[in-house]
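# What the coordinates show
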Amino acid sequence: MHNMKHFTSAFDAQSVRDLIQLGSYLKKYPNAFSDAGKNLTLGTVFMNPSLRTRLSTSKAAQLLGMNLLSINAQSEGWALDFSDAPMNHTTVENIREAAAVMGEYCDILGVRSFPTLNNKQRDDSEQDIIQWMNLSRKPLISLESATRHPLQSLADMMTLQELFPDKKPKVVLMWAPHVKPVPQAVANSFAEWMYFMNTDFTIACPDEVRLNEEFTAHATITNNQTEALKDADVIYAKSWASYAEYGTLHHNAEWMLTSEKLRINPDVKVMHCLPVRRDVELGASILDSSNSVVIQQASNRVPAAQAVLLQMIRDNYRNEINLSVSEQIALNQLA
Amino acid sequence: MHNMKHFTSAFDAQSVRDLIQLGSYLKKYPNAFSDAGKNLTLGTVFMNPSLRTRLSTSKAAQLLGMNLLSINAQSEGWALDFSDAPMNHTTVENIREAAAVMGEYCDILGVRSFPTLNNKQRDDSEQDIIQWMNLSRKPLISLESATRHPLQSLADMMTLQELFPDKKPKVVLMWAPHVKPVPQAVANSFAEWMYFMNTDFTIACPDEVRLNEEFTAHATITNNQTEALKDADVIYAKSWASYAEYGTLHHNAEWMLTSEKLRINPDVKVMHCLPVRRDVELGASILDSSNSVVIQQASNRVPAAQAVLLQMIRDNYRNEINLSVSEQIALNQLA
Amino acid sequence: MHNMKHFTSAFDAQSVRDLIQLGSYLKKYPNAFSDAGKNLTLGTVFMNPSLRTRLSTSKAAQLLGMNLLSINAQSEGWALDFSDAPMNHTTVENIREAAAVMGEYCDILGVRSFPTLNNKQRDDSEQDIIQWMNLSRKPLISLESATRHPLQSLADMMTLQELFPDKKPKVVLMWAPHVKPVPQAVANSFAEWMYFMNTDFTIACPDEVRLNEEFTAHATITNNQTEALKDADVIYAKSWASYAEYGTLHHNAEWMLTSEKLRINPDVKVMHCLPVRRDVELGASILDSSNSVVIQQASNRVPAAQAVLLQMIRDNYRNEINLSVSEQIALNQLA
């Protein structure tokens, strides 16, 4: 049995199932562990914009009684350098010092660091977040890295379980068009987490934008959007830049999911991680319909982050915390 | 008797008098309700710069024991879109999703959203803040909207009551020059709140910059600055762009209030909402004199925000809280 | 015996020794005074980027149970004006109002305000931070001002004491090259604090970049880097712009301290305040070696800030707090 030292992918969870269950429990009882993080500090570092991740992680920390330090690294702090070259240009602080210092100030770090989308090797290596992890010497939560977005995925898994508690659903991750190339992280991560779920999983996308096979070995892959849509229980719409022609935009507006296309499957649920460009990635009328569960997904970001933080607090700092959900349920029923 | 679901104008207060009284009580006993907001989250969204509103609202939430989530929406989050057009340009997230998500994370929302000053219909409709309100489905406090700034006005009313506890004062809202067109919100709002106050209320301004009549029906309006100044008890100096020629700058530097002009009324009190451009909107020597009450106004922003938050907490979440100030005073005298 | 009303230089401390001792105690028992700041508000104002100062001061306030209000003054608030000229240009709010308002909202202010590096008289006068201090009328902590960085220096003194508890060390402040002119504040401040320490203190720099003599009267000054390095116990590497030719960059890359140079003194400890430009100011291989104590310094920023805040809380608001460390140690041993 391993502990959760870091949380950067599904494989960091001791048990994906247990983590989902803990998230569901915390959604119901958000204040059940309000002292678990007392006198512990979460430090969040944003290298990129963030609304849901920023706020849901902050709220999760507050619900656990943690202190929070947060910084927009490149604007409120100093322009960061991730290289080993002499720093004679515009960057002011090296990741080596920044990460080590954050590690001194914080008990758990959360870091958001998008891919370059022009340096495949660097992005695939996850060198940036690994540097944060290794140099800070503290437990680290990915707030979205170059290739994965595990807090989003955990919230997505909670959403799937809420939607289909008693069924093995047909889940389709469906590529969506965009006006500019965007990261593969959410798509990769969703695919990775599906490995642990009891679903029938298909990825539907143009051939040019197939994801890195490392994430998709267990998936059925098709370029036939209509076939994929026909008998799906849920569609996860998401755009991503090409992996083969790394970082290039694939123009195919015809792939946008519309209400008209949903006529062949009018009850299908539609997911998206947000932010979403309406009528570019996804038809606005779908987002405003009962097909859409995007707000439910976003809402699940709070208990998902709370579950991860709580698990990491327990595993790294407070082994006395009892995370057995069944026992907690019994305690709550008594109280 | 209606509850205060939202706070976007004077008309949202069940009783302006009671709200002022609650603010005055909280100014005296800032920690009297330090648990009232426990486990509730205030989310503040800033679309524009803010010093007083940002800090006074944050402090008010802290004094009530609330958790706080705050975001500079357009820079820390994603560029927001308020339209229904396909999002194929620079905006990344639509208000529909942003507001719904904030509503999931927060129990009360505070939103600052300035007017365009070039689209009169849009500004007058208050569409932006109404979208935040409707789409978040949560109680909302205006932190200054296109046409009103009610937290400023409540603090202004508290200030007037402190200055003239036993008198019906002559109050003059006086237009001031500026180097660029600025919103009418503070002026509109002040005029609107005056409707509920026992004062003799005059607006003095060049004819070209008369405010929207919707806000000024109860006011005497004059373009004679000297007459208005002569027997005033208090002057509220404030610049605003033209409403008739919507959003244009009216150049008339002669309207700047100076110490020289005050010689005809040397004891008059001078208000301004801040920030103020010294020696452009208002003579610096007035701001540095005992005529000025601008810091008293700014100070009242904390208890004003605290009163509004407390009232909304009680009305929407915790009906058991007793806000009767007379009873509270008795309790404090016992304690 | 004077109280610590403000903290802008070493001379504000009643006893530098006691403050260091308090910092060391708080490093060991960070939660020993977790209620000392309850219901008090620290307001931090950043006019410039900050990582360590921002986060360590925030954490220190949290450890003392203070409320925290923080603002990036020029971006989240309004562009500030420090002059007396009519404000008919781009600045929106004068320091007179901004400081007075912050003083109303906060019990202790922390302000970061870098030098202009082009107006020697203004920088030397410390007019900006003095305006914040006088106009806010509240106890003020410098988070780095035009000429000093006392929180950094206190952390540096703690570090020296940890390194050499039983020895009078030979300490060398050594100028370092840079790609652009940077403030003298850390160097000035370190020199100023050394006045209170039992050390043998040398400043090694090219003649062109000698510091303001006001800070260096007690120091041996040399332009011979090798001599200074030879028998030093610790080197504080730091770049600064010329004081004589005010604000100009002195180009002398040969002054960069390298591992090769350390061969004549392989056990010397190397300090730097961070951020540091690797292989420009200081050899990267030194930073990554056991010679470097830069992370220890950065870590000491938290207890240093906590000691200052605690002292100011006691001296200005809560005289009943007992800061006698020896008594505290006894209490902790009992508990």
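This one's a predicted model, so the numbers in the text were calculated from it and none came from an experiment.

### Describing the overall build of chain A
Within chain A, the secondary structure is distributed over twelve helices and eleven strands. Over its C-alpha atoms chain A spans a radius of gyration of 20 Å, differing by no more than 12% from the 20 Å that the globule rule assigns to 335 residues. Referenced to the eigenvectors of the C-alpha coordinate spread, the extents of chain A come out at roughly 65 × 55 × 35 Å. Out of the 335 residues in chain A, the part that is buried amounts to 63%. Taking all contacts inside chain A whose residues are at least 6 apart in sequence as the whole, residues at least 24 apart take part in 79%. A total of about 12400 Å² of accessible surface is found on chain A, and carbon and sulfur atoms cover 47% of it. One finds the centroid of the 30 positive side-chain charges in chain A at a distance of 4 Å from the centroid of its 37 negative side-chain charges.

### Quick look at the state of the cysteines
Per the counting criterion, the structure on display carries zero disulfides over all chains. Its sulfur unpaired, Cys273(C) is 16 Å from the next cysteine sulfur, which belongs to Cys205(C).

### Examining unusual backbone geometry
Residue Pro275(B) is bonded to the preceding Leu274(B) through a cis peptide linkage, with omega at 0°. Positive phi values are uncommon outside glycine, yet Asn39(A) reaches one of about 65°. Summarising the element assignment, Asn39(A) is placed in the loop between α1 (16–28) and β1 (41–46). Given the relative accessible area of 40%, Asn39(A) is considered partly exposed.

### Focus on the relation of the copies chain B and chain C
Superposing chain B onto chain C requires a rotation of 120° together with a translation of 0.0 Å along the rotation axis, leaving an RMSD of 0.0 Å. The transformation relating the two chain copies, once decomposed into turn and shift, fits a three-fold axis. Among all residues of chain B, the minimum C-alpha distance to the rotation axis is found for Ser75(B), at 6.0 Å.

### Brief notes about the interface of chain A and chain C
Counting from both sides, the interface comprises 29 residues of chain A and, opposite them, 29 residues of chain C. For the pair chain A and chain C, the two sides together bury roughly 2500 Å², of which 59% comes from carbon and sulfur. For Glu76(A), the salt bridge identified is with Arg54(C), shortest N-O distance 3.7 Å. Between the two partners, chain A and chain C, sit 13 residue pairs in polar contact (both at pLDDT 80 or more). Elements with a minimum of two residues in the side of chain A that touches chain C: β2 (67–72), β4 (93–94) and α3 (95–105) of chain A. The dominant element in the side of chain A that touches chain C, judged by the number of residues it contributes, is α3(A), at seven residues. Taken together, the residues of the side of chain A that touches chain C sort by class into 13 nonpolar, ten polar and six charged.

### What to know about the side chain of Thr202(B)
In this structure, Thr202(B) sits in strand β8 (residues 200–204). Setting aside residues up to four positions removed in sequence, Thr202(B) forms contacts with Val171(B), Val172(B), Leu173(B), Thr220(B) and Thr222(B).

### With respect to the sheet that holds strand β2 (residues 67–72) of chain C
The strand order across the open sheet formed by four strands is β2-β1-β5-β6 (chain C), and the pairing between neighbours is parallel. Edge positions in the open sheet fall to β2 and β6 (140–142) of chain C, since each of these has one partner strand only. Averaged over all adjacent pairs, the angle separating strand axes in this sheet is 20°, with direction ignored. In terms of strand pairing, strand β1 (residues 41–46) of chain C meets strand β5 (residues 108–112) of chain C through five bridges, oriented parallel. The residue of β5(C) that forms the bridge with Thr44(C) is Gly110(C). Helix α2 (residues 52–63) of chain B contacts β1 and β2 of chain C of the sheet and is inclined by roughly 165° relative to β2(C). Sheet strands touched by helix α2 (residues 52–63) of chain C: β1, β2 and β5 of chain C. Its angle to β1(C), the strand with the most contacts, is close to 175°.

### Quick word on the pattern of salt bridges
Residues and elements named next belong to chain C. Scanning the model with the defined rule gives 44 salt bridges over all chains in all. The salt bridge involving lysine 170 is made with aspartate 231; its shortest N-O contact spans 3.1 Å. Of this pair, lysine 170 sits in strand β7 (residues 170–175) while aspartate 231 sits in the loop between α8 (225–230) and β10 (234–238), placing them 61 residues apart in sequence. Judged by its relative accessible area of 33%, lysine 170 falls in the partly exposed class. Judged by relative accessible area, aspartate 231 falls into the partly exposed class, the value being 43%.

### Structural notes on the interface of chain B and chain C
Listed per partner, the contact involves 29 residues of chain B and 28 residues of chain C. Of all residues in chain B, Leu55(B), Arg277(B) and Arg278(B) bury the most surface against chain C, accounting for 25% of the area lost on that side. Counting across the interface, chain B meets chain C through three salt bridges. At the surface where chain B touches chain C, the tally comes to 13 residue pairs in polar contact (both at pLDDT 80 or more). At the level of elements, α2, α10 (294–299) and α11 (301–316) of chain B are the ones that each hand at least two residues to the side of chain B that touches chain C. When residues of the side of chain B that touches chain C are assigned to their parent elements, the largest contribution, seven residues, is made by α2(B). Among the residues forming the side of chain B that touches chain C, the class breakdown is 13 nonpolar, seven polar and nine charged.

### A word on the environment of Ala61(A)
Turning to its location among the elements, Ala61(A) is positioned in helix α2 (residues 52–63). Ala61(A) sits 241 residues away from Val302(A) along the chain, and the two C-alpha atoms are 9.3 Å apart.

### A closer look at the sheet that holds β8(B)
Residue and element names in this part refer to chain B. Judged by pairing direction, the sheet is parallel, and its five strands sit side by side in the order β9-β8-β7-β10-β11 without closing on themselves. Unpaired on one side and paired on the other, β9 (220–222) and β11 (269–271) mark the two borders of the sheet. The mean angle between the axes of side-by-side strands here comes to 20°, regardless of whether they run parallel or antiparallel. Here β8 pairs with β9 via three bridges, running parallel. What sits directly across from threonine 202, in β9, is threonine 220. Helix α6 (residues 150–163) rests against β7 (170–175), β10 (234–238) and β11 of the sheet, and its axis sits at about 170° to β11.

### Focus: the domain arrangement of chain A
All names here are of chain A. Segmentation of chain A into domains returns domain 1 (10–148 + 301–324) and domain 2 (151–298). Placing the centre of domain 1 and that of domain 2 at their C-alpha centroids yields a distance of 25 Å. The interface is formed by 32 residues belonging to domain 1 together with 31 residues belonging to domain 2. Summed over both sides, the interface of domain 1 with domain 2 buries roughly 2800 Å², with 63% coming from carbon and sulfur. When residues of domain 1 are sorted by the area they lose upon contact with domain 2, Leu117, Arg148 and Arg301 head the list and together hold 25% of the total. At the surface where domain 1 touches domain 2, the tally comes to three salt bridges. Here glutamate 162 and lysine 27 are joined by a salt bridge, their closest N and O atoms 2.8 Å apart. Per-element accounting of the side of domain 1 that touches domain 2 gives the leading share, seven residues, to α1. For the side of domain 1 that touches domain 2, a count of residues per class yields 15 nonpolar, eight polar and nine charged.

### Regarding the packing of aromatic side chains
This structure, assessed with the given rule, holds 30 aromatic pairs over all chains. Consider the rings of Trp78(A) and Phe114(C), whose centres lie 6.5 Å apart with planes at 10°: the pair is stacked. Highlighted residues: Trp78(A) in the loop between β2 and β3 (80–81) and Phe114(C) in the loop between β5 and α4 (120–125), drawn from two different chains. By relative accessible area, which is 16% here, Trp78(A) ends up buried. Residue classification places Phe114(C) among the partly exposed positions, given a relative accessible area of 22%. Geometrically, the ring pair formed by Phe11(B) and Tyr195(B) is tilted, given 6.4 Å between the ring centres and 40° between the ring planes.

How each quantity is defined
Residues numbered from 1 in each chain as written. Chains lettered and ligands numbered in written order. Predicted model: local features only at pLDDT ≥ 70, side-chain atom pairs only at ≥ 80, totals over all residues. Heavy atoms only, no water. Helix = DSSP H or I, 4+ residues; strand = E, 2+ residues; numbered from the N terminus. Rg over C-alpha atoms; globule rule 2.2 N^0.38 Å. Buried < 20%, exposed > 50% of the residue type's maximum accessible area, 1.4 Å probe, protein only. Contact = heavy atoms within 4.5 Å. Areas by Shrake-Rupley, 256 points an atom, 1.4 Å probe, with all protein chains shown as cover. Lys, Arg positive; Asp, Glu negative; His and termini not counted. Charge placed at Lys NZ, Arg CZ, Asp CG, Glu CD. Disulfide = S-S within 2.5 Å. Least-squares fit on C-alpha atoms with pLDDT ≥ 70 in both. Buried area = accessible area lost by both parts, 1.4 Å probe. Salt bridge = Lys/Arg side-chain N within 4 Å of Asp/Glu carboxyl O. Polar contact = N/O pair within 3.5 Å; in protein donor to acceptor, adjacent residues only side chain to side chain. Nonpolar A, V, L, I, M, F, W, Y, C, P; charged D, E, K, R; others polar. Pairing = 2+ DSSP bridges. Axes fitted to C-alpha atoms, helices over the stretch in contact; angles between N-to-C directions. Domains from an automatic or database assignment. Phe/Tyr/Trp six-rings, centres within 6.5 Å; stacked < 30°, edge-to-face > 60°.

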